[in-house]
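Structural description and commentary
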Amino acid sequence: MTKMAASVVEHGEDAFRKLFKFYKRRNPPPDLRDVIDFSKIVKHEKVFPTELNPAAVSDAEARRAGLRPIRDWTAFGLHGYPGFIFISNPFLPGSQQHWVRQCLKNYPQKPNVCNLDMHMAPTETQDIWGRSADALRKTGSRVREPKTLLEKLRWVTLGYHYNWDTKTYSADHYTLFPSDLHSISLHVAAACRFPGFNAEAGILNYYRSDSSLGIHVDESELDHTRPLLSFSFGQSAVFLLGGTQREDPPTAMYMHSGDVMVMSGHSRLLYHAVPRVVPAPKGDPLHPSLEEDGLGPGSDQGLAQDHTQGEATLIQPVSEEDWAVCSRYIETSRVNMTIRQVLGSGQAFPAMDTTDKRIDAGHTDGYHDNQDGENVGLKRRRSDS
């Protein structure tokens, strides 16, 4: 930890909150030299290489999911954080575009739930992409009147929809989980030695340049033996990973576009937060042309058919028209997908009091943090919070 950051944080007195506020600070901006950058790791006292299981996913299966062969992935662990795995961009060139489009165009569609449902009629949030695309495609002046619905989007839930009021999932508030996201989650988990991972719920976070995500623990899932997967696209972010108590000072690291984090075992229930979005580094894999990456319009490489296997691929081509919207959005924004298995084998949801059943979006304004880094939507329910 740099002297400046160390001067802010001492063990105790909510060390996490102090460091969160340090990295969130705008004026003067924080010193970021202490933030671990896994894309540039040569040697770091906290970082060590992690061995994955290349036999868990065949090269053909990985390719159909837009992933490099597992043996080519670069994965790390952190001393003091058993069960934490950081995978530095395992995606094939061009395949990240598919996931960005899914997060912006398809996953926000009904019947999935988003923060806008709290304030708008279902007919108004039926086609967020369609109501935003024309404005985002416009070039030239960025001075526009109201923000588009896409720019107002803060979160979307998939599968078992998280209830922000009760901080629970329920069997009666479920929509079909996206098959492409289920498959890639299964492959990543298997590579990290968690075979049979069943992606049942997802929370997608949409960050503008001034957004942050408050201090929280993801503990609402009924089975904590299964990992939490996190996929990042677009601009970079500073991620803070703490301990089991708020008094534990966190470790800061960058999450760049394409990076994947796996939180399992001891690390599954650690406090974490995102205090800051930062510009993506030069050479960001989302900005080369689609044709150069083999996923542009008219390309036959890796699209609707994997001709070597004769099976459908998950990664679909992104049209120039769609990418004009996506690229404009991610010029200043970041999208993150966190994927969870809610139920263990043989588990079922506890019986609910019928007076407490909720099938709406819940208290939707509380997901991103307040000024002190407190996350209202995912605040820990244990007595130590």
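Residues numbered from 1 in each chain as written. Predicted model: local features only at pLDDT ≥ 70, side-chain atom pairs only at ≥ 80, totals over all residues. Heavy atoms only, no water.

**With respect to the side chain of Ser 230**
Counted only if it meets this: For helices the rule is a DSSP run of H or I covering at least 4 residues; for strands it is a run of E covering at least 2, with both sets numbered from the N terminus onward. Residue exposure (1.4 Å probe, protein chains only): buried if accessible area is under 20% of the type maximum, exposed if over 50%, otherwise partly exposed. Here a polar contact means two N or O atoms within 3.5 Å. Within protein one must be a hydrogen donor candidate and the other an acceptor candidate, and residues neighboring in sequence count only if both atoms are side-chain atoms.
As for its placement among the helices and strands, Ser 230 is situated in strand E8 (residues 228-234). Judged by relative accessible area, Ser 230 falls into the buried class, the value being 8%. Polar contacts involving the side chain of Ser 230 include one to the side chain of Asn 336, which spans 2.9 Å.

**Structural notes on the confidence of the model for the protein**
The condition is simple: A score from 0 to 100, pLDDT tells how confident the predictor is in each residue. Only heavy atoms matter for contacts: two residues are in contact if any of them lie within 4.5 Å across the pair.
Taken as a whole, the protein shows an average pLDDT of 83; of its residues, 79% reach a score of 70 or greater. In the model, residues 289-310 has pLDDT below 50 throughout and makes 51 contacts with residues more than four positions away in sequence or in other chains.

**Side note on the sheet that holds strand E10 (residues 251-255)**
What counts here: Pairing between strands requires that DSSP locate at least two bridges from one strand to the other. To get an axis, a line is fitted to the C-alpha atoms, and for a helix only the part in contact is used. The angle between two axes follows their N-to-C directions and goes from 0 to 180 degrees.
Taken together, the four strands give an open sheet; going across it, the order is E7-E12-E9-E10, and neighbouring strands pair in antiparallel fashion. In the strand order of this sheet, the two ends are held by strand E7 (213-216) and E10, each with one partner. Taken pair by pair, the neighbouring strands of this sheet meet at an average axis angle of 25 degrees, ignoring direction. Packed onto the sheet, helix H2 (residues 15-24) meets E7, strand E9 (236-241), E10 and strand E12 (272-278) and runs at close to 10 degrees relative to E12.

**As for the packing of helix H4 (residues 96-106) against helix H9 (residues 320-330)**
Our working definition: Roughly parallel means an angle under 35 degrees; roughly antiparallel, over 145; roughly perpendicular, 65 to 115; everything else is oblique. Each residue gets one label: Ala, Val, Leu, Ile, Met, Phe, Trp, Tyr, Cys and Pro are nonpolar, Asp, Glu, Lys and Arg are charged, and the others, such as Gly, are polar.
Remark: H4 packs on H9, axes separated minimally by 10 Å, with the N-to-C direction vectors making an angle of 85 degrees. It follows that H4 is roughly perpendicular to H9 by the angle criterion. Contacts between H4 and H9 involve Gln 97, Val 100, Arg 101, Leu 104 and Lys 105 from the first element and Asp 322, Trp 323, Cys 326, Tyr 329 and Ile 330 from the second. Split into classes, the residues belonging to the contact of H4 with H9 amount to six nonpolar, one polar and three charged.

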